[in-house]
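Report on the structure
Letter by letter, the chains look like this.
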Amino acid sequence: MGLGECGTHAVVAARLGPWRVDEGVLAGELIVDFEPGMLVTADRGFYAYRLWEAAAATGADLLWRMPDGPHLPVVRPLKDGSYESFLLDPKVRRRRAVQRHRGSANIEEPSGIPVRVIEYEVTNREGKGEIFCLITTIMDPDEASSAELAAAYAER
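Residues numbered from 1 in each chain as written. Predicted model: local features only at pLDDT ≥ 70, side-chain atom pairs only at ≥ 80, totals over all residues. Heavy atoms only, no water.

Brief notes about helix 1 (residues 23–30)
Of all the positions in helix 1, only Leu-26, Ala-27 and Leu-30 are classed as buried. The buried residues of helix 1 occupy an angular sector of 105° when the element is viewed end-on, so they sit on one face. Against strand 1 (2–4), strand 2 (11–14) and helix 2 (49–56) lie the buried residues of helix 1. Where helix 1 starts, the residue carrying a side-chain oxygen 2.7 Å from the main-chain nitrogen of Gly-24 turns out to be Asp-22. (Buried < 20%, exposed > 50% of the residue type's maximum accessible area, 1.4 Å probe, protein only. Helix = DSSP H or I, 4+ residues; strand = E, 2+ residues; numbered from the N terminus. Arc of directions from axis to C-beta. Contact = heavy atoms within 4.5 Å. Polar contact = N/O pair within 3.5 Å; in protein donor to acceptor, adjacent residues only side chain to side chain.)

So, in structure tokens, the structure goes:
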């Protein structure tokens, strides 16, 4: 697993493991090499709540594609078509499920890590459209617009 620069293709850091080791495990080991000022992009196979949480704590800016499935509620739409949302903490999700199952009148409010969501369509080789969903720690569209972030993701 490698951490490389997009422009120069220089390898900044790498972790090796046997073929049985999941790439998410190796990615978790690379987090110690993330630094403020970096924009770290990752494909949809790398998203996991705890991995995102640890990576965001480094101060590096993150731009990761989300897998199909996680619900990202619109908290606030932004001027560039992106929106503020949050990643639901799995512990909160489990507690809410238990509360619903028990018929509780007071179900905990959903909470988690704030993110900005960029959604856009990409046409594949067969001419079919596919929706890409990116999440980022860059919350201000004036700092990086959704179009700029989509272009940066395409460069990974």
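Considering the environment of Ala-14
With respect to the helices and strands, Ala-14 occurs in strand 2. With relative accessibility at 45%, the residue Ala-14 sits in the partly exposed group. Along the chain, Ala-14 and Leu-26 lie 12 residues apart, while their C-alpha atoms are 8.6 Å from each other. Those residues in contact with Ala-14 that sit more than four places away from it in its chain are Met-1, Gly-2 and Leu-30.

Examining the sheet that holds strand 3 (residues 39–42)
Read across the open sheet, the six strands follow the order 3-4-8-7-6-5; overall the sheet is mixed. Because the sheet does not close on itself, it has two edges, and the strands there are strand 3 and strand 5 (76–77). As judged from the four bridges shared by strand 3 and strand 4 (residues 61–65), these two strands associate in the parallel manner. Paired with Leu-39 across the strands is Asp-61, a residue of strand 4. (Pairing = 2+ DSSP bridges.)

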